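Chain by chain, the residues run as shown.
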Amino acid sequence: MDIKKIMKDFIEDESGLTAVEYAIAGGLVVGGMIAAFSELGDNATSRISCLASAVNGDSSNC
């Protein structure tokens, strides 16, 4: 049992690295989607409110 060889093999082992990279990339994609859909929802809500006001004659600046 050679401790040096075991430690060297452990340090050079990259088998779990790709799973971590995919997890990080997936997290970034999901975070970006949440931010985009949140912004889209806020913009859509304000646009619908403005159009509803225009229908009622309160505003025509949509």
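A brief structural summary. Note that this is a predicted model, so its numbers are computed, not measured.

### A word on helix 2 (residues 17-55)
Okay, so step 1: If you check helix 2, its first and last C-alpha atoms are 57 Å apart, about what 39 residues at 1.5 Å a residue would give, namely 57 Å.
Okay, so step 2: One or two positions beyond helix 2, positive phi appears at glycine 57, with a value near 85 degrees.

### Quick notes on the environment of methionine 7
Okay, so step 1: Among the secondary structure elements, methionine 7 is positioned in helix 1 (residues 3-12).
Okay, so step 2: Residue methionine 7 is classed as partly exposed on the basis of its relative accessible area of 46%.
Okay, so step 3: Distance in space between the C-alpha atoms of methionine 7 and valine 30 is 36 Å, their sequence separation being 23 residues.

### Here we look at the pattern of salt bridges
Okay, so step 1: By the definition in use, this model includes two salt bridges.
Okay, so step 2: Across the pair lysine 5 and aspartate 9 runs a salt bridge, and its minimum N-O distance is 2.9 Å. In this pair, lysine 5 and aspartate 9 are both assigned in helix 1, four residues apart and thus about one turn of the helix distant.
Okay, so step 3: Take aspartate 9: its relative accessible area is 40%, and that puts it in the partly exposed class.

### Side note on a nonpolar patch on the surface
Okay, so step 1: Taken together, Val29, Met33, Phe37 and Leu40 make up a surface patch of nonpolar side chains, about 420 Å² in accessible area.
Okay, so step 2: Mapped onto the fold, valine 29 is located in helix 2.

So, how was this worked out
- Residues numbered from 1 in each chain as written.
- Predicted model: local features only at pLDDT ≥ 70, side-chain atom pairs only at ≥ 80, totals over all residues.
- Heavy atoms only, no water.
- Helix = DSSP H or I, 4+ residues; strand = E, 2+ residues; numbered from the N terminus.
- Expected span 1.5 Å × (residues − 1).
- Buried < 20%, exposed > 50% of the residue type's maximum accessible area, 1.4 Å probe, protein only.
- Salt bridge = Lys/Arg side-chain N within 4 Å of Asp/Glu carboxyl O.
- Patch = residues over 30% accessible without salt bridge, like charges linked within 9 Å, V, L, I, M, F, W, Y side chains within 5 Å.
- Areas by Shrake-Rupley, 256 points an atom, 1.4 Å probe, with all protein chains shown as cover.

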